[in-house]
Amino acid sequence: MKRLASFAAALVVLGLVGAAPQVAQASPDARIDQQIRPCFGLLLEPNLSKGCGARRPVKRKPPRRPYYPGGGYGPYRTVVDCDIAYPGEVNDVLARLYDGDTLTLVSRNGGACLESLSVTRSVVITARDYSPSRTRPILLAPADQPCIRIAPGVAFVVLQNLGLEASRGGTASCIVGRATELALKGVVVRYDGEGSAIDVADSRVEMIETAFVGRTRAPVVKLSGSLQAQDIDVAATAIGMAVETGRDSRLRDVRVVRLGDWSGSSRTRNSAGFVLTGVNRDQLVQIDGLSTDGFSRGIYISGGETTLQRPVVRDSDWAVVLEGADLRVLDGRLEAADVGIYAASGVVYASDNAIAGVMRAGLFADSGAQIRARDNRVFARPGGCEALVTGYFDGALTCRPWFEAPELFRTPRDRARADYDSYWPTGAVAVLSGPPSSALAGGPADPYDASAAAGGPVGAPPVGPQGSPR
C-alpha cells in the first residue's frame, strides 16, 4: 500500500492549494438548520436570498443621456451578435455595463465571439437564439488566453446557457477567478490545454445542469471555497474534479467519466475521478449520486466529515480511498480491481455496499485506520474469495463468486470509450441543445446495459455474430 500512500500525497499537492450565513431568528431547530446549511441558490434563485442577508446589487438606471462608465457618452448596449461581432466588441460592451446588468450574446447562424472576457464588475452573461453543441461554441478563447477572467473581489457573476471553448488553452484555464460568487446554469465548457476548464479559488460556486470536457493532465474542475452542484457532467483524461471546501458543501448527481485519449498510459494509471481535500473537522460535505467511470482511483477523500450516498464507481483499481477523514459510504456500487474501500487513516462507516471485481480486499484498513461495516457484499474475481484480506479490519464479509455480480461491474467499457474530439455530454445540458439524445450518445441506448445500470434484473448477454458473448 506504499504506492497508494504516495499517490494520496501527490493528489493533495495536485489538488487545491464568503461570509457565513446569518442565524435565522426562529426556533432552535431553525437556527441549527441555518448553521449547517449554507445559503446557496442566491444567484440562480434570488428570491431565496431572503433571510440569508444577501441580495444581488440593484442595477442603477442609466442617465437620460447614456454615459459609458469611464468611456464618455454614447449608446448604451447590452446585446452582442456573435455572428457579426468584431474582435474585442464583447469586452467593449462589458466594460461599459452597470453593476448587476445583463450581457446577452446572440448567435442565430452559429457564429462565435473570438475573445477573452475580462469581468471587473458584477454581471449576468446569457445567450439568446443559441443552444450549445460540440462544434458550436458561442465564446471561443484565443490561443493561450482564458475564456473568462473574473477580477478578485467582484460581487457576483452568473453564466447561463453558454457554450465556452478553449481549444488551445496553453497554461491558461478557461474560467479563472478568485474571491467571488459564481453561478453556472446550462453551461458547457470544452478545454484543451495544460490548465483547467474552471479554476476558481476562495469563492462560493453554484452549478446546475452544467458540463465540463477537458483534455489536460490537471483537474478539469478545480475549485476551493463552498460548492453547491447538481446535475453536473465532467469528462476528463486524467483528473476529473479537485475540490477543496472552505465551508459546508452539497453535491448531487455528479457524473465523472474518463476520456479515451490517453488509455493505457501512465497518466491513466495515475488518474483520479473525484478528489476532495482540505475539509476541516467542523465542515460537512454531502455527496449524493456521485458516479465515476474509468479512473484508477475513483474517489479520494482527505480530511473533514463527508457522506457518500449512492456512489457508483466503475473500472477502477481502488474505488474509494480515504485519508484522515470521517467518511460514510452508504448504498454504493463499487468496482475495483484491487481494493473496494481503502482507508489509509481515519474512520470509514460502510453500509449496504456492493463491491465487485476485487482480488485483494473488499474493505481494507491500514494501520491507524478504522472500518465499521454492516451488510456489505463483496463479489471477488475467480479465486478472489480465498485471497481476500482485511488488513486491520476485524469483521466478517460475505464473499460470492465474481460471475454472480451484476453485469454493471463486468462490461469492458474502455473498448468504446469516447475521446475528447468526439465526446459530448448526454446529461441535462445535451438535452437542451436540440439534437436527440440517441444521436448525442452515438446511437440508441443498449437496454441490456441500461437494465444493469439501474440495478434491475439482467438477462442473458447479447451474442455477437460469431456466437460469443459480447
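Rules of the game
- Residues numbered from 1 in each chain as written.
- Predicted model: local features only at pLDDT ≥ 70, side-chain atom pairs only at ≥ 80, totals over all residues.
- Heavy atoms only, no water.
- Helix = DSSP H or I, 4+ residues; strand = E, 2+ residues; numbered from the N terminus.
- Buried < 20%, exposed > 50% of the residue type's maximum accessible area, 1.4 Å probe, protein only.
- Contact = heavy atoms within 4.5 Å.
- Disulfide = S-S within 2.5 Å.
- Lys, Arg positive; Asp, Glu negative; His and termini not counted.
- Salt bridge = Lys/Arg side-chain N within 4 Å of Asp/Glu carboxyl O.
- Polar contact = N/O pair within 3.5 Å; in protein donor to acceptor, adjacent residues only side chain to side chain.

Draft legend 1. Representation of the environment of Val254 in the model. Tracing the chain through its elements places Val254 in strand β18 (residues 249–258). Given a relative accessible area of 1%, Val254 falls into the buried group. In this structure, the C-alpha to C-alpha distance between Val254 and Leu290, residues 36 residues apart in sequence, is 4.9 Å. Contacts of Val254, omitting those with residues within four sequence positions, involve Ile232, Met241, Gly289, Leu290 and Ser291.

Draft legend 2. The arrangement of the state of the cysteines in detail. Under the criterion given, the structure shown has two disulfides. Shown here is the disulfide that connects Cys82 with Cys113, its sulfur atoms set 2.0 Å apart. When the S-S torsion is -100°, as for the bridge of Cys82 with Cys113, the disulfide is left-handed. Here Cys82, found in the loop between β3 (79–81) and α3 (89–95), pairs with Cys113, found in strand β5 (residues 113–114); they are 31 residues apart in sequence, far enough to count as distant. Considered together, Cys82 and Cys113 belong to a single accessibility category, that of buried residues. Note that Cys147 is cross-linked by a disulfide to Cys174, the S-S spacing being 2.1 Å. Between Cys147 and Cys174, the S-S torsion sits near -105°, and that sign places the bridge as left-handed. With Cys147 in the loop between β8 (139–140) and β9 (148–150) and Cys174 in the loop between β11 (163–166) and β12 (175–178), the pair connects residues that are 27 residues apart, well separated along the chain.

Draft legend 3. The arrangement of the environment of Ala344 in detail. Structurally, Ala344 can be placed in the loop between β26 (333–343) and β27 (346–351). Spatially, the C-alpha atoms of Ala344 and Glu323 are 5.2 Å apart, while their sequence positions differ by 21 residues. In this view, Ala344 contacts Leu322, Asp366, Ser367 and Ala369; residues no more than four positions away in its chain are not counted.

Draft legend 4. Region of the structure containing the side chain of Asp248. For Asp248, the position within the fold is in the loop between β17 (239–245) and β18. No salt bridge is formed by the buried Asp248. Its closest oppositely charged neighbour is Arg250, at 7.4 Å. A distance of 3.0 Å separates the side chain of Asp248 from the backbone nitrogen of Leu284, its partner in a polar contact.

Draft legend 5. The arrangement of the pattern of salt bridges in detail. The final tally for this structure, using the stated rule, is 21 salt bridges. For Asp129, the salt bridge is made with Arg128, and the minimal N-O distance between the two is 4.0 Å. Classification of Asp129 by relative accessible area gives partly exposed; the value is 40%. With a shortest N-O distance of 2.5 Å, Arg255 and Asp231 are connected by a salt bridge. With Arg255 in strand β18 and Asp231 in strand β16 (residues 219–236), this pair connects stretches of sequence that are 24 residues apart. Exposure remark for Arg255: the relative accessible area of 29% places this residue in the partly exposed category. Accessibility expressed as a relative area gives 19% for Asp231, which makes it buried. One network of salt bridges, in which partners are shared, links Asp81, Arg108, Arg128 and Asp129.

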